[in-house]
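# Topology and contacts: notes
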Amino acid sequence: MGRDRTAASVSPRVRSGAALMDAIAPRRARSIAEWGQIRGQLAAPTDIPESIKSYQPRPSDIVITPFGKCGTTWLQQTFHTLRTGGDMDFDDISRVVPWIETAKVVGIDLEAPQRAQPRGFKSHLSYDAVPKGARYVVSVRDPKDALVSMYRFMEGWFLEPGAVTIEDFAASWIEPGDYWKHLVGWWNVRDEPNVLVFSYEGMTADPEGHIRRLAAFCGLPLDETLLGLTLERSSLGYMLAHKDRFDDRMMRDVSEARCNLPAGSDSAKVRKGGVGGHKGELPPSIAAALDVKWAELAAPATGFADYSELEAAVRALA
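These numbers were taken from a predicted model, which means no experiment stands behind them. Think of each chain on its own: its residues are numbered from 1, step by step along the sequence as written. Whole-chain, interface and lining totals are the exception, using all residues; otherwise, since this is a predicted model, local features are given only for residues with pLDDT of at least 70 and side-chain atom pairs are given and counted only at 80 or more. The basis for every side-chain value is the complete set of heavy atoms in the structure, and neither hydrogens nor water enter the calculation.

So, about the packing of aromatic side chains. For any pair of aromatic rings, the description rests on two quantities: the centre-to-centre distance and the angle between the ring planes. Stacked, tilted and edge-to-face pairs are distinguished by plane angle, under 30 degrees for stacked and over 60 for edge-to-face with tilted covering the rest, among Phe, Tyr and Trp rings (Trp via its six-membered ring) whose centres lie within 6.5 Å. Inspection of every chain in the model, using the stated rule, returns 16 aromatic pairs. Considering the side-chain rings of W35 and F169, the 5.3 Å spacing of their centres and the 35° angle between planes classify their relative orientation as tilted. Remark: F169 occurs in helix 8 (residues 166–174) and W35 occurs in helix 2 (residues 32–39); sequence separation between them is 134 residues. Three exposure classes are used, based on accessible area relative to the maximum for each residue type with a 1.4 Å probe and protein chains only: buried under 20%, partly exposed in between, and exposed over 50%. Relative accessible area serves as the criterion here: at 1%, F169 is assigned to the buried category. Secondary structure follows DSSP: runs of H or I at least 4 residues long count as helices, runs of E at least 2 residues long count as strands, and numbering of each begins at the N terminus.

Structure, rendered in structure tokens:
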């Protein structure tokens with residue numbers, strides 16, 4: 001009669017082999033510390049600086065450079081539709097509107113010919129850090145919505161779903177102050193002729209108005225046919241139906257190879273969209289911490305007591 005193969009009966013060699021396999025098996029981060037370690041494997045220390053240095057701005061270039069999860073992909077798609085008349089023959093929107101900071105990481109030549117003019121680029125750089133000499137499009141978004149959107153974006157790609165709480169994630173997002181520094185820097189140059197500032201909330205409320213302003217800023221002709229096509233192809237419904245074009249495929253492939261993440265990660269950047277979604281997900285303590293950070297970093301620099309006041313001022317720029 002056979003015996004049960006209990007943990008105690010398994011040889012040390014088998015146990016150590018299983019532990020080794022578990023150690024090298026693809027996995028997502030289960031803590032903020034592990035997330036930092038995994039992200040550190042994504043690029044060499046020189047990759048991002050060299051990528052930025054490789055970009056040679058032209059006065060006609062359009063650099064779309066919001067903070068992360070504040071409307072970047074939406075603007076990339078809107079811009080590319082306007083300049084091409086609706087081209088969708090790409091596997092990753094950042095292949096046709098390249099991401100400046102990651103060019104070296106994914107093997108993109110920023111000076112290669114693009115499909116149409118003007119040239120377009122993605123970035124998340126602040127005003128102080130972005131290469132000068134181009135035209136810049138920025139959309140701002142309620143930090144509470146931006147934080148929740150980034151948390152959901154990272155879940156299923158770099159973070160094991162359910163393993164890292166939104167409270168822990170929020171602390172790592174809030175503390176550096178990068179969101180507010182980015183916002184203040186671009187707000188300070190909002191009146192420059194080569195800068196166009198939108199709000200995510202305004203784009204949501206008036207998609208036609210934002211398309212018309214973007215086309216005019218880029219010097220692109222816009223008739224009713226192209227307007228209708230752009231409204232359709234930059235809509236949430238259309239982008240969700242084609243979300244495989246908007247899922248950071250190139251970066252996902254690199255991350256799975258370099259960071260040992262599980263294959264087929266969910267890196268879709270088009271999700272719910274909308275305004276105010278944080279209200280159902282963000283704990284009151286985190287919302288309060290965001291308000292404190294606004295009072296510390298944004299209010300003194302902009303004169304606005306909260307994001308809603310600044311957002312109203314952005315809409316008034318139209």
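Next comes the rest of the account.
Next up on the list: the packing of helix 9 (residues 178–187) against helix 16 (residues 307–315). A fitted line through C-alpha atoms represents every axis, and for helices the fit uses only the stretch in contact; the resulting angles, taken between N-to-C directions, go from 0 to 180 degrees. At a closest axis distance of 13 Å, the pairing of helix 9 and helix 16 adopts a crossing angle of 30°. Looking at the two axes, helix 9 sits roughly parallel to helix 16. In the crossing of helix 9 with helix 16, the sense of the turn from one axis to the other is left-handed. Note on element contacts: helix 16 touches helix 9 through Y307, L310, A313 and V314, opposite Y179, L183 and W187. By the convention adopted, Pro, Cys, Tyr, Trp, Phe, Met, Ile, Leu, Val and Ala count as nonpolar, Lys, Arg, Asp and Glu as charged, and the other residues, Gly among them, as polar. Split into classes, the residues belonging to the contact of helix 9 with helix 16 amount to seven nonpolar, no polar and no charged. Between 65 and 115 degrees an angle is taken as roughly perpendicular, under 35 as roughly parallel, over 145 as roughly antiparallel, and anywhere else as oblique. Note: crossing handedness is left-handed where the near helix turns anticlockwise from the far helix by less than a right angle, and right-handed where it turns clockwise. Contact definition: two residues touch when any of their heavy atoms are within 4.5 Å.

Among the residues of helix 16, those classed as buried are Y307, L310, E311, A313 and V314. For helix 16, the angular spread of buried residues about the axis comes to 160°, placing them on one side. Against the buried residues of helix 16 lie strand 3 (135–140), helix 7 (143–154), helix 9, strand 4 (195–199), helix 10 (200–205) and helix 15 (284–302). The arc under discussion is defined with respect to the helix axis, by the directions toward the C-beta atoms.

On to the side chain of T81. As for its position among the elements, T81 is in helix 4 (residues 72–84). Pairs of N or O atoms within 3.5 Å make up the polar contacts considered here, provided that, within protein, one atom can donate a hydrogen while the other can accept it, and that residues adjacent in sequence are counted only when both atoms are side-chain atoms. Within the structure, the side chain of T81 is placed 2.8 Å from the backbone oxygen of Q77, a separation counted as a polar contact. Ignoring sequence-local partners within four residues, the contact set of T81 consists of G86, L226, L229, T230 and R233.

Counted as a void, the second largest pocket has a volume near 230 Å³. Together, 16 residues line the second largest pocket, and D142, K144, D306, Y307 and S308 are the ones closest to its centre. When residues of the lining of the second largest pocket are traced back to their parent elements, those giving at least two are helix 7, helix 15 and helix 16. Of the two site types, the cavity is a set of points on a 1 Å grid over the protein atoms alone where a 1.4 Å probe fits but cannot get out, and the pocket is an open set with protein on both sides within 12 Å along at least five of seven lines, each lined by residues with an atom within 4 Å of a point. Grid points are joined across faces, edges and corners, and a volume is the space filled by probe spheres set on the points.

A pairing counts as a salt bridge when a side-chain nitrogen of Lys or Arg comes within 4 Å of a carboxyl oxygen of Asp or Glu. All told, the structure shown has 21 salt bridges when counted by the stated rule. Of the charged contacts, one joins R119 and D61 as a salt bridge, the two residues approaching to 2.7 Å between their closest N and O atoms. Here R119 is found in the loop between helix 6 (103–106) and strand 2 (120–122), whereas its partner D61 is found in the loop between helix 3 (47–54) and strand 1 (62–64), with 58 residues between them in sequence. For R119, a relative accessible area of 2% gives the class buried. With its nearest N and O atoms 3.9 Å apart, the salt bridge here joins K293 to E296. Here K293 pairs with E296, and both are found in helix 15, just three residues apart, close to one helical turn. Exposure remark for K293: the relative accessible area of 10% places this residue in the buried category.

For the structure shown, the criterion picks out two cavities of 30 Å³ or more. Of the voids in this model, the largest cavity is the one considered here, and its volume is about 50 Å³. Lining the largest cavity are S94, P98, W99, T102, V106, I108, D248, M250 and M251. Along the lines of polarity and charge, the residues of the lining of the largest cavity split into six nonpolar, two polar and one charged. Of the pockets and cavities examined, the second largest cavity occupies roughly 30 Å³. Those elements that place two or more of their residues in the lining of the second largest cavity are strand 3 and helix 9. At three residues, helix 9 tops the list of elements feeding residues into the lining of the second largest cavity.

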